[in-house]
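# Working through the structure, step by step
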Amino acid sequence: MRTHTRVAVQIAIATLIAVLITTVALFITRDGDGAGLTAARMAPQGDTAGRAAAPEEGSEAVPERCKADPRHAKRQLRGVWIASYQNIDWPSRAGLPAERQRAEYVKILDTARKRGLNAAFVHVRPTGDALYDSPYEPWSQWLTGTAGKNPGWDPLPFLIEEAHKRGMEFHAWFNPYRISAKLTDPGKLPAGHPAREHPSWTVKYAGGLYYNPGLPEVRAHVTKVIKDVVSRYDVDAVHFDDYFYPYPAEGVKFDDDAAFKRYGKGMKLADWRRDNVNRLVAQVHRTIHDTKEHVRFGISPFGIWRNKGEDRSGSDTKGLSGYDAIYGDARTWIKKGTVDYIVPQLYWPIGHKAADYRTLVKWWSNEVKGSGVDLYIGQGLYRVGTTDDPKWRNPGELPAHLAYNRRFPAVKGDVYFSAKQVMSNPSKVFDRIGAAHYDRPALVPATADGRGPEAVGELSATASGKGAKLTWQAAEEARAYAVYRLPGSVSEPGCKLASARDLVAVVPANGEGRQSYTDAGRDGKAVTYFVTPVDRQHREGKAQAARVS
């Protein structure tokens, strides 16, 4: 999906520019993991006045007539990709001691929360390997320094628990087909690696090694790996990046002739390849929900499905087509409901000639209408401050993307690539985003219909200096609590809880006993607090009130 490492960048630039230079202006690859090709973007041009209102969703605390103010969105997924491939984000180096690995991860999460983010997309299977204790695949070299070497601990429970402790969703990020960007001989993989035991499952391509998407055995293996994680670990979602068939390399053929001859059944090669990917996506989606209904499945495809010049249904763009180049048919996944959410990688600026950000947001928003598939936008944070396009040197460019998104109720959040830039805050861009967009916390959009948890019990609020301390009895099935602060004495909040204007905190649940929150922002004035319980599918229960004079 979005891993930007030097090796992948060099491979992609060397191969893709030669083939696509006339249509893909300034695209660069994100390193082996999901960023695919990217392009620079442009400065804001007044697109800050989005005023489209959307109904408040998944809440018993808010009357149905209430509309959410997009300028103070209460429900947004705000995510960060944490890439392990080639140690882009975490761990910072292979083979670090476990304590150092844990400390690095905690620092990433703490910084992400400080920036207002509420979801972590963590790479757990970058190259047919595992950053967890897998019965089917070897330990990852990016964790231990040596492929197949046991690190002496299972990181995944810790990674999940620390995210949940901070009120963040955990999306387990898998790359379905990549085995290695450097090896072509399966015999050089660690003992027990499925590709070593089944070399007929693999295809050598452009100096790397891939599972053959055309084989039912490969689909079964990938699905089995994902089912195992969903079964044994408390993940909130499974996530794929944009790497399906490999991005095209000039003059190099992906040799799947034998599989095509056996399974093609009269289809054209390109259609058959897309069908292979579609079959895997549908199979994984079904298996996830059969295993744990609440766990979601999402994909971050390349930002252009097809160009209008290739297909009347496509976007008014002139870049690489994910549909034609890597056989990722995101439009079909949406229409057939084989994904729960989609995160197109829109790493271009506003006004880009080949792929205008505004054009693509409109296109993707239109595609998800009425589908039940949630749309989040993949943001190229790593592009901020880069010098190959003057538009990226404008620190207002990325905030302008979020302002433009307000025009489209279908856009339910953003995911940033990657954690390294979340930590470094290039051009102090998160200062701008925080002030203009993330000045209040946010609940993740509800992922299911129905009632939220029962109201909290025994809510009390007492003055504490100029602030206030709230305590309450835990609500059954609550994973978090939303705390609102309204000025004065308020008996009924009406529609005030529909937006985040008065939301002061989202407090992760802490067991089944008394819960608490200290509000330092009261400023000594009389206020009314409302506390609502939120379940793991982000449905909000009824509000309870407490006043402080």
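To continue, consider the overall build of the chain. Check the secondary structure of the chain and you find 14 helices and 22 strands. Counting only residues that meet the buried cut, the chain has 61% of its 549 residues in that class. Sequence separation of 24 or more characterises 74% of the internal contacts of the chain that already satisfy a separation of 6 or more.

Before going further, it helps to examine the packing of helix 6 (residues 216-232) against helix 8 (residues 269-291). Their axes nearest at 10 Å, the elements helix 6 and helix 8 cross at an angle of 25 degrees. Between helix 6 and helix 8, the angle is such that the two are roughly parallel. Relative to helix 8, the crossing made by helix 6 is right-handed. Between helix 6 and helix 8, the residues in contact are Arg219, Ala220, Val222, Thr223, Ile226, Lys227, Val230 and Ser231 and Asn276, Arg279, Leu280, Gln283, Val284, Thr287, Ile288 and Thr291, respectively. Here the residues of the contact of helix 6 with helix 8 sort into 7 nonpolar, 6 polar and 3 charged.

What follows deals with the sheet that holds strand 22 (residues 544-548). The strand order 19-18-21-22 describes an open sheet built from 4 strands, whose pairing is antiparallel. Edge positions in the open sheet fall to strand 19 (503-508) and strand 22, since each of these has one partner strand only. Here the strands of the sheet are splayed against their neighbours by 20 degrees on average, with no regard to which way each runs. One ladder, built from 8 bridges, connects strand 18 (residues 480-487) with strand 21 (residues 527-534); its direction is antiparallel. Looking at the pairing, Tyr481 lines up with Pro533 of strand 21.

Counting 107 residues, the largest nonpolar core has Ile82, Tyr105, Phe170, Phe174, Ile342 and Trp364 as the members making the most contacts within it. Non-local contacts of Tyr105, meaning those with residues more than four positions away in its chain, are made with Ile82, Trp90, Val122, Phe158, Leu159, Glu162, Ala163 and Phe170.

Moving on to the state of the cysteines. A full pass over the atoms with the stated rule returns 1 disulfide. Here Cys66 pairs with Cys495 through a disulfide, and the sulfurs are 2.0 Å apart. Between Cys66 and Cys495, the S-S torsion sits near -80 degrees, and that sign places the bridge as left-handed. Of the two residues, Cys66 is situated in the loop between strand 3 (54-55) and strand 4 (67-68) and Cys495 in the loop between strand 18 and strand 19; the sequence distance between them amounts to 429 residues. Under the relative-accessibility criterion, Cys66 is labelled buried at 1%. The class for Cys495 is partly exposed, based on a relative accessible area of 32%.

Let us look at helix 4 (residues 155-165). Of all 11 residues that make up helix 4, 8 are buried, and the element is covered over most of its length. Among the residues of helix 4, those classed as buried are Pro155, Leu156, Phe158, Leu159, Ile160, Glu162, Ala163 and His164. In the core, the buried residues of helix 4 are packed alongside helix 2 (98-114), strand 6 (119-125), helix 3 (141-144), strand 7 (169-174), helix 6 and strand 19. Structurally, the start of helix 4 carries an N-cap: the backbone nitrogen of Leu156 is 3.2 Å from a side-chain oxygen of Asp154. The positive-phi residue at the C-terminal boundary of helix 4 is Gly167, with phi of around 75 degrees.

For the structure shown, the criterion picks out 28 aromatic pairs. Ring centres of Tyr243 and Tyr247 lie 5.3 Å apart, and the angle between their planes is 75 degrees; on these two criteria the pair is classed as edge-to-face. Assessed through its relative accessible area of 9%, Tyr247 is described here as buried. For the pair Phe302 and Trp348, a centre-to-centre distance of 5.6 Å together with 90 degrees between the ring planes defines the contact as edge-to-face.

Another point: the environment of Leu443. On the secondary structure map, Leu443 appears in the loop between helix 14 (429-436) and strand 16 (457-464). What makes Leu443 buried here is its relative accessible area of 4%. C-alpha separation for the pair Leu443 and Ala482, spaced 39 residues apart in sequence, amounts to 8.1 Å. Other than its neighbours up to four places away in sequence, Leu443 contacts Lys74, Arg75, Gln76, Asn118, Ala482, Val506, Val534 and Glu540.

A separate point is the confidence of the model for the chain. With 89% of its residues at a pLDDT of 70 or more, the chain has an overall mean of 91. Across residues 1-53 the pLDDT falls below 50, and counting only partners more than four positions away or on other chains, this stretch makes 214 contacts in the model.

What follows is about the pattern of salt bridges. All told, the structure shown has 27 salt bridges when counted by the stated rule. Between Glu104 and Arg100 there is a salt bridge whose closest N-O contact spans 3.3 Å. With a gap of 4 residues between them, Glu104 and Arg100 both fall in helix 2, about one helical turn apart. In this structure, Glu367 and Arg331 form a salt bridge, with 2.8 Å as the shortest nitrogen-oxygen distance. Of this pair, Glu367 sits in helix 11 (residues 357-368) while Arg331 sits in helix 10 (residues 330-336); the two residues are 36 residues apart in sequence, bridging distant segments of the chain. There is no split in this pair, since Glu367 and Arg331 are both buried. Residues joined by salt bridges that share partners form a network here, namely Asp110, Glu162, Lys165 and Arg166.

About the thresholds
Residues numbered from 1 in each chain as written. Predicted model: local features only at pLDDT ≥ 70, side-chain atom pairs only at ≥ 80, totals over all residues. Heavy atoms only, no water. Helix = DSSP H or I, 4+ residues; strand = E, 2+ residues; numbered from the N terminus. Buried < 20%, exposed > 50% of the residue type's maximum accessible area, 1.4 Å probe, protein only. Contact = heavy atoms within 4.5 Å. Axes fitted to C-alpha atoms, helices over the stretch in contact; angles between N-to-C directions. Parallel < 35°, antiparallel > 145°, perpendicular 65-115°, else oblique. Left-handed = near helix turned anticlockwise from the far one by under 90°. Nonpolar A, V, L, I, M, F, W, Y, C, P; charged D, E, K, R; others polar. Pairing = 2+ DSSP bridges. Core = buried A, V, L, I, M, F, W, Y, C linked by side-chain atoms within 4.5 Å. Disulfide = S-S within 2.5 Å. Polar contact = N/O pair within 3.5 Å; in protein donor to acceptor, adjacent residues only side chain to side chain. Phe/Tyr/Trp six-rings, centres within 6.5 Å; stacked < 30°, edge-to-face > 60°. pLDDT = per-residue confidence, 0-100. Salt bridge = Lys/Arg side-chain N within 4 Å of Asp/Glu carboxyl O.

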